[in-house]
Amino acid sequence: SGLLLDGRAQLNYRWELTRRAGAPVELLPRAGIQLARSSVGDHEGDIILGSTALAALFGVGLRVPYDAQLEFDVGLDVGPVLSFNESPATTGDGVGGLSVQSDLAARYWFSETLNAGISGQFSLLRLSFDGDPTRSLAQSEVGTLTDASLSVTDFGAALTVGARF
């Protein structure tokens, strides 16, 4: 058993570039944070580790209306990993990392306040370590994990319902 959590909180600024189909085409500079957490239930040894990563994100999005009801969003966010912790053992001493997030969405507005949409997201967390791990190693890993690197990649999709007040 375990838990996986990957969330973002962002502030966006809406900058109108032009108008299309009676609605603004907007550039969306944004900044925020990402919290990625994984934990595992009790098991023998410490081969599988729980972890927590905190990253700063800086990026830009673009919102383009197709017509009066349909709009598309695309975005890219990149930032440094500010903190990374593993337990009950480690893969090595944390040196640094990078978080990359991208998203693509389409929304259909039924009225001025109600919409439905579909979105897709890609997430990459890349980390580098110095030294030897303190976790238990499989026989095939002994002597091979010095100065290790780790990548966590995730793809997601969602159906959404939204309201604007």
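Within each chain, residue numbers correspond to sequence positions counted from 1 in written order. Local features in a predicted model are, by the rule used here, given only for residues with pLDDT of at least 70; side-chain atom pairs are given and counted only at 80 or more, and totals for whole chains, interfaces and linings are based on all residues. Based on all heavy atoms of the structure, the side-chain values leave hydrogens and waters out of the count.

Details of the overall build of the protein
Argument step 1. Counting secondary structure elements, the protein contains zero helices and eight strands.
Argument step 2. In this text, helices come from DSSP runs of H or I with a minimum length of four residues, and strands from runs of E with a minimum of two, each type numbered from the N-terminal end. Element order for the protein, N to C, with α for helix and β for strand: β-β-β-β-β-β-β-β.
Argument step 3. Here the C-alpha radius of gyration of the protein, 20 Å, is well above what a compact globule of 165 residues would show, namely 15 Å.
Argument step 4. Judged by the C-alpha coordinates and their principal axes, the protein covers about 65 × 30 × 25 Å. The globule rule used for comparison is 2.2 Å times the number of residues to the exponent 0.38, while the radius of gyration itself is calculated over C-alpha atoms.

Comments concerning the nonpolar core
Argument step 1. By nonpolar core is meant a set of buried Ala, Val, Leu, Ile, Met, Phe, Trp, Tyr and Cys residues that side-chain atoms within 4.5 Å join together. Categorising residues by exposure relies on relative accessible area from a 1.4 Å probe, with only protein chains included: less than 20% of the type maximum marks a residue as buried, more than 50% marks it as exposed, and the intermediate range marks it as partly exposed. Within the largest apolar cluster, eight residues are counted, these being A36, A53, A55, V81, F84, L125, L127 and F129.
Argument step 2. Those elements that place two or more of their residues in this core are β4 (50-65), β5 (70-87) and β7 (114-130).
Argument step 3. Considering every element that reaches this core, the biggest residue donor is β7, with three residues.

Looking at the packing of aromatic side chains
Argument step 1. Aromatic rings from Phe, Tyr and Trp, with only the six-membered ring used for Trp, were paired whenever their centres fell within 6.5 Å, and each pair was classed as stacked if the ring planes differed by under 30 degrees, edge-to-face if by over 60, and tilted otherwise. Enumeration according to the criterion identifies four aromatic pairs in this entry.
Argument step 2. Ring centres 5.2 Å apart and planes at 70 degrees place the aromatic pair Y108 and F110 in the edge-to-face group.
Argument step 3. You can call Y108 partly exposed: its relative accessible area is 38%.

Concerning the pattern of salt bridges
Argument step 1. Between Lys or Arg on one side and Asp or Glu on the other, a salt bridge is scored when a side-chain nitrogen of the former is within 4 Å of a carboxyl oxygen of the latter. Enumeration according to the criterion identifies 11 salt bridges in this entry.
Argument step 2. Here E26 and R14 are joined by a salt bridge, their closest N and O atoms 3.1 Å apart. Placement of E26 in strand β3 (residues 23-40) and of R14 in the loop between β1 (2-12) and β2 (15-20) is noted, with a sequence separation of 12 residues between them.
Argument step 3. Between E16 and R19 there is a salt bridge whose closest N-O contact spans 3.3 Å.
Argument step 4. Look at the salt bridges and you will find they share partners, linking R14, E26, R63, E71, D73 and R107 into a network.

As for the pairing of β5
Argument step 1. We treat two strands as partners when DSSP finds at least two bridges between them. Examined bridge by bridge, β4 and β5 share 14 bridges and lie antiparallel to one another. Within β5, the position partnered with S51 by the bridge is E86.
Argument step 2. Once β4 ends, the chain turns through four residues before running back antiparallel as β5.
Argument step 3. Hairpin remark: β5 followed by strand β6 (residues 93-109), antiparallel, with five residues in the connecting loop; positive phi at G92, about 150 degrees.

Details of the confidence of the model for the protein
Argument step 1. Each residue carries a pLDDT value, the predictor's own confidence for that position, ranging from 0 to 100. The predicted model of the protein has a mean per-residue pLDDT of 87, with 95% of residues at 70 or higher.
Argument step 2. By mean pLDDT, the top-scoring element of the protein is β4 (93), and the lowest-scoring one is β1 (84).

Considering the side chain of R107
Argument step 1. With respect to the element layout, R107 can be found in strand β6.
Argument step 2. Side-chain atoms alone can form a polar contact between residues adjacent in sequence; in general such a contact is a pair of N or O atoms within 3.5 Å, and within protein one must be able to donate a hydrogen while the other accepts it. Within the structure, the side chain of R107 is placed 2.4 Å from the side chain of D73, a separation counted as a polar contact.

Thoughts on a negative patch on the surface
Argument step 1. A contiguous patch of negative charge, built from D93, D130, D132 and D147, is present on the exposed surface.
Argument step 2. You can see D132 is positioned in the loop between β7 and β8 (149-163).
Argument step 3. The exposure class assigned to D132 is exposed, which follows from its relative accessible area of 52%. Patch membership needs two things, relative accessible area over 30% and no salt bridge, and members are linked within 9 Å if like-charged or within 5 Å if nonpolar (Val, Leu, Ile, Met, Phe, Trp, Tyr). Here, Shrake-Rupley sampling with a 1.4 Å probe gives the accessible areas, and only protein chains in the shown set may cover a residue. Under this rule, positive means Lys or Arg and negative means Asp or Glu; His and the chain ends count for nothing. Think of each charge as sitting on NZ of Lys, CZ of Arg, CG of Asp or CD of Glu.

A few points about the environment of S136
Argument step 1. Turning to its location among the elements, S136 is positioned in the loop between β7 and β8.
Argument step 2. By relative accessible area, S136 is classed as partly exposed at 32%.

A few points about the side chain of D103
Argument step 1. Considering the arrangement of structural elements, one finds D103 in strand β6.
Argument step 2. Among the polar contacts made by the side chain of D103, one reaches the side chain of R30 at a distance of 3.1 Å.
Argument step 3. Contact between two residues is taken to exist if any of their heavy atoms lie within 4.5 Å; hydrogens are not considered. Excluding its chain neighbours within four sequence positions, the residues that come into contact with D103 are R8, R30, D73, V74, G75, D77, G120 and Q121.

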